[in-house]
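So the chains spell out like this:
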Amino acid sequence: MKVSYISYYEGLDADGKVIFQGNGSHLVSAEKEEPSPHEILAAINQYLIKGAKENNPAIAKIVIKGLFKL
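Thresholds, definitions, all that
- Residues numbered from 1 in each chain as written.
- Predicted model: local features only at pLDDT ≥ 70, side-chain atom pairs only at ≥ 80, totals over all residues.
- Heavy atoms only, no water.
- Phe/Tyr/Trp six-rings, centres within 6.5 Å; stacked < 30°, edge-to-face > 60°.
- Helix = DSSP H or I, 4+ residues; strand = E, 2+ residues; numbered from the N terminus.
- Buried < 20%, exposed > 50% of the residue type's maximum accessible area, 1.4 Å probe, protein only.
- Expected span 1.5 Å × (residues − 1).
- Contact = heavy atoms within 4.5 Å.
- Pairing = 2+ DSSP bridges.
- Core = buried A, V, L, I, M, F, W, Y, C linked by side-chain atoms within 4.5 Å.
- Axes fitted to C-alpha atoms, helices over the stretch in contact; angles between N-to-C directions.

(A) Representation of the packing of aromatic side chains. Taken as a whole and assessed by the stated rule, the structure comprises one aromatic pair. Ring centres 6.2 Å apart and planes at 40 degrees place the aromatic pair Y9 and F20 in the tilted group. Remark: F20 occurs in strand β2 (residues 18-29) and Y9 occurs in strand β1 (residues 2-12); sequence separation between them is eleven residues. Neither Y9 nor F20 differs from the other in exposure class; each is buried.

(B) Up close: helix α1 (residues 37-55). Look at α1: 27 Å from first C-alpha to last across 19 residues, which is about the 27 Å you get at 1.5 Å a residue. Those residues of α1 hidden inside the fold are in contact with β1, β2 and β3 (61-69).

(C) Summary view of the pairing of β2. In the sheet, β1 pairs with β2 via eleven bridges, with the strands oriented antiparallel. Counted as the bridge partner of Y9 is G22 from β2. Remark: five residues form the turn of the hairpin made by β1 and β2, two consecutive strands paired antiparallel; G16 in that turn has positive phi of roughly 85 degrees.

(D) Structural detail: the nonpolar core. Residues V3, Y5, Y9, F20, V28, I40, I44, L48, A52, I59 and I62 constitute the largest nonpolar core, which totals eleven residues. Contributing elements (two or more residues each) for this core: β1, β2 and α1. When residues of this core are assigned to their parent elements, the largest contribution, four residues, is made by α1. In contact with I59, not counting residues within four places along its chain, are G11, L12, I19, F20, I49, A52 and K53.

(E) Representation of the sheet that holds β3 within the structure. With respect to topology, three strands assemble into an open sheet ordered β2-β1-β3, the strand pairing being antiparallel. Here the strands that pair on one side only, and so sit at the sheet edges, are β2 and β3. Sheet twist, expressed as the average angle between the axes of neighbouring strands with direction ignored, equals 25 degrees. Bridging between β1 and β3 involves eight bridges; their strand directions are antiparallel. Within β3, the residue paired with S7 across the bridge is L67.

Encoded structure:
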């Protein structure tokens, strides 16, 4: 099963200040059934932090402000 999501997130530096804002689309695949919300969030979070750090290496963490299933 494949499920698509769009997201809005902010990247924070080590002091907790917003230094990056972004959005993206994500395709989450599962072999049998739809993944649990925790699995979906973990997969999207890993994807977002990797992409955000490519754009701005000073990002220490991200905060997902919106996550919408398509």
